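Listed here are the chains, written in short residue letters.
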Amino acid sequence: MNQEIPIARIAGIRVAAHWSVLVIGALLAWSVAAGVIPVAAPGTSVLIAWLVGTGTAVLLIASLTAHELAHSLVARQRGVAVEGITLWVFGGVSHIKGDWGSARTEIAVAVAGPATTLILAGLFYGIAAALDAVGAPPLAVVVPWWLAVVNVTLLVFNTVPAFPLDGGRILRGILWAHRGDRASATRSAALWGRIFAFFLMAAGLVDFFLTSDIGGIWLVFIGWFLETANRAEVQGESVQRMLAGVTVGQVMTPNPVVVPGWVSVDVLIEQYAMRYHFTTFPIHDISGHIQGLVTLRGMKRVAVAERGHMRAADIAIPLEQVPTAASGDPLVDLLPRLGISSDGRALVFDGDQLVGIVSPSDIARRMQLGELRVMPPRAA
Ligand SMILES: [Zn+2]
């Protein structure tokens, strides 16, 4: 279920939008067309108000994109892997896949977004002031003025030192630099993030019950979203820490049983699935090349009557859809590539040679071992 709509590639960074950005765009256009313009420029026709409102909403979404692009470009410039940007209902998300490397990098990447928003707010304010000074009509002045105000609001919200907001990332970077310990810096920044998230949710609920204003519910949503994002980041980081320095070769199951792709599904089940305790089997073609991967799930989908004349190759996941790695690769780099298309499996090759297979249970086992190592001893 991929609801992302690709929009553009800017400076090599993929920009996509979740469908929810259309909802937020429509809400913004409506609030400008029906709320801001009638007050600032009474007498504007409804059609003009909506056209201007829509244009203003597009400019605001462009401002959010510029903010995220700034994060991504600084990250890439400092050697951190960036996958792209997704715009959605709460603004934008930069998909930064690589490791931060250093506290300075984290601070620089986090500062880049709010700095861009600040520049944009100043720019819009300057345009509004200049238009006002030359006596432009109110409709022309209110658009940049509104964009300046909203950008300043976003700037203030973003710089609250609550992880994972930009301010929280800056805080973590500073604590990390100061203490020399990223895990402890993350715990402190995450605590502030959590306090802020619960504060937003509580304030939203109180506001809703006191005033029946729907805006309160919006605050509850933002708080809940921040809390969820906070938890995901902290968990992701503890996985990274537990698996730091672990190579694919250390977790893989070596020497997997390889099946000729031309055997029937019947034979596959009787001679392989029943005999070995594996749940997936790589298959090879007549020249010995690995063609793909068959899974127990795939075998189960074949009707009993069909098993005699379908071949293993017919039900295999093709090699192009199976993530592959070398045994010396860091495991944390492979993790984000493991997907549902291959049942969470990856094949490990050294050169042309298949040397192992990685399964979710291999990784789970390794993570538990990692916990054993990372956890402080319990006081008697
Ligand atoms: Zn940001």
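Within any chain, residue numbers begin from 1 and follow the written order of that chain's sequence. Given that this is a predicted model, residues contribute local features only at a pLDDT of at least 70 and side-chain atom pairs are listed and counted only at 80 or more, while totals for whole chains, interfaces and linings are drawn from all residues. Excluded from the side-chain calculations are hydrogens and water; all other atoms, namely the structure's heavy atoms, are used.

(A) Structural context of the overall build of the chain. The way it works is that DSSP assigns letters per residue, a run of H or I at least four long becomes a helix, a run of E at least two long becomes a strand, and they are numbered from the N terminus. Scanning the chain from terminus to terminus reveals 12 helices and 12 strands. Taken over the C-alpha trace, the chain has a radius of gyration of 27 Å; the compact-globule value for 380 residues is 21 Å, which it surpasses by more than 25%. Once the C-alpha set of the chain is aligned to its principal axes, its extents read approximately 85 × 60 × 45 Å. Expressed as a percentage of the 380 residues in the chain, the buried residues total 42%. Across the chain, contacts joining residues at least 24 apart in sequence account for 60% of those joining residues at least 6 apart. Only carbon and sulfur atoms are counted for the fraction: they give 65% of the accessible area of the chain, which is about 20,400 Å². Using C-alpha atoms as the atom set, the radius of gyration is obtained and then compared with a globule rule of 2.2 Å times the number of residues to the power 0.38. Burial here depends on accessible area, computed with a 1.4 Å probe over protein chains only, as a share of the maximum for the residue type. Under 20% is buried, over 50% is exposed, and the range in between is partly exposed. Every residue pair with non-hydrogen atoms within 4.5 Å of one another is taken to be in contact. Here, Shrake-Rupley sampling with a 1.4 Å probe gives the accessible areas, and only protein chains in the shown set may cover a residue.

(B) Examining the coordination of the zinc ion more closely. Excluding water, the donors of a metal are its N, O and S neighbours within 2.8 Å, or within 3.2 Å for Na, K and Ca, and that exclusion means sites may look incomplete. Bound to the zinc ion on the protein side are H67 (NE2), H71 (NE2), D166 (OD) and D166 (OD), at distances that span 2.0 to 2.7 Å. Note that the zinc ion binds 4 donor atoms; their angles at the metal cover 53 to 147 degrees, and the shape is irregular. Ordering the donors of the zinc ion by residue number gives the pattern H-x3-H-x94-D. Of this pair, H67 sits in helix α2 (residues 46–77) while D166 sits in helix α5 (residues 166–179), and the two are 99 residues apart along the sequence. Metal sites are grouped by the angles between bound donors: all angles between 85 and 135 degrees with four donors is tetrahedral, opposite donors over 155 degrees apart with the others between 65 and 115 is square planar for four donors and octahedral for six, and any other pattern is irregular.

(C) Seen up close, the sheet that holds strand β11 (residues 346–350). Strands are treated as partners if at least two bridges between them are detected by DSSP. Here we have 4 strands laid out as an open sheet, ordered β5-β12-β11-β10, and mixed in their pairing. Edge positions in the open sheet fall to β5 (253–254) and β10 (324–325), since each of these has one partner strand only. For β5 and strand β12 (residues 353–358), the ladder comprises 2 bridges, and the chain directions are antiparallel. Within β12, the residue paired with P254 across the bridge is G356.

(D) Local environment of the environment of V39. Take V39: it is sitting in helix α1 (residues 20–40). Residue V39 is classed as exposed on the basis of its relative accessible area, which comes to 67%. V39 sits 164 residues away from A203 along the chain, and the two C-alpha atoms are 29 Å apart.

(E) Quick peek at the packing of aromatic side chains. Any two rings among Phe, Tyr and Trp, with Trp reduced to its six-membered ring, count as a pair given centres within 6.5 Å; such a pair is stacked if its planes are under 30 degrees apart, edge-to-face if over 60, and tilted if neither. Tallying each qualifying case throughout the model produces 6 aromatic pairs. Seen from their ring centres, F208 and F209 are 5.5 Å apart, and the 65 degrees between their planes marks the pair as edge-to-face. F208 gets classed as partly exposed once you look at its relative accessible area, which sits at 26%. When the centroid spacing of 6.3 Å and the interplanar angle of 25 degrees are considered together, the rings of Y272 and Y276 count as stacked. Judged by relative accessible area, Y276 falls into the partly exposed class, the value being 32%. Each residue in the set Y272, Y276, F278 and F281 is aromatic and connected to the rest through ring pairs, giving one cluster.

(F) Broad picture of the side chain of S359. Its location among the elements puts S359 in the loop between β12 and α12 (360–374). Dropping the residues within four chain positions of it, S359 is found in contact with G344 and R345.

(G) Representation of the pairing of strand β1 (residues 4–10). Bridge count between β1 and strand β2 (residues 13–18): 6 bridges; the pairing is antiparallel. Pairing of A8 across the sheet is with V15, part of β2. Connecting β1 to the antiparallel partner β2 that follows it, the hairpin turn spans 2 residues, and A11 within it adopts a positive phi of roughly 50 degrees.

(H) Broad picture of the pattern of salt bridges. Just to be clear on terms, a salt bridge is a Lys or Arg side-chain nitrogen sitting within 4 Å of an Asp or Glu carboxyl oxygen. The tally for this structure, following the rule as stated, stands at 5 salt bridges. Residues R169 and E233 are paired through a salt bridge, measuring 2.7 Å at the closest nitrogen-oxygen approach. Taken together, the residues span a long stretch of sequence, with R169 in helix α5 and E233 in helix α7 (residues 215–242) at a distance of 64 residues. Overall, E233 belongs to the partly exposed group, its relative accessible area being 30%. A network of salt bridges, in which partner residues are shared, links R194, E227 and R231.

(I) Representation of the domain arrangement of the chain. Here the limits of each domain have been adopted from an automatic or database domain assignment. Domains assigned within the chain are domain 1 (1–159), domain 2 (162–242) and domain 3 (248–371). Just the C-alpha atoms count here: the centres of domain 2 and domain 3 sit 39 Å apart.

(J) Structural view of the nonpolar core. Counting residues in each nonpolar core, the largest one holds 17 residues, and the members touching the most others are V259, L268, F281, V294, M299 and I315. Mapped onto this core, the elements with two or more residues apiece are α9 (265–273) and β7 (280–284). Among all residues touching F281, those that are not within four sequence positions of it are V257, V259, Y272, A273, Y276, G292, L293, V294 and M299. Ranked by size, the runner-up nonpolar core spans 16 residues in total, among them A29, A49, L120 and L147. Definition of nonpolar core: a set of buried residues of the types Ala, Val, Leu, Ile, Met, Phe, Trp, Tyr and Cys, connected through side-chain atoms within 4.5 Å.

(K) Inspection of a nonpolar patch on the surface at higher detail. Surface patches are drawn from residues lacking salt bridges whose relative accessible area is over 30%; two like charges belong together within 9 Å, two nonpolar side chains (Val, Leu, Ile, Met, Phe, Trp, Tyr) within 5 Å. On the surface, I5, W19, V23, L27, W30, V46 and W50 cluster together into a nonpolar patch covering about 710 Å² of accessible area. For the nonpolar patch, the secondary-structure elements that each account for two or more residues are α1 and α2. Counting residues per element, the nonpolar patch draws most heavily on α1, which supplies 3 residues.

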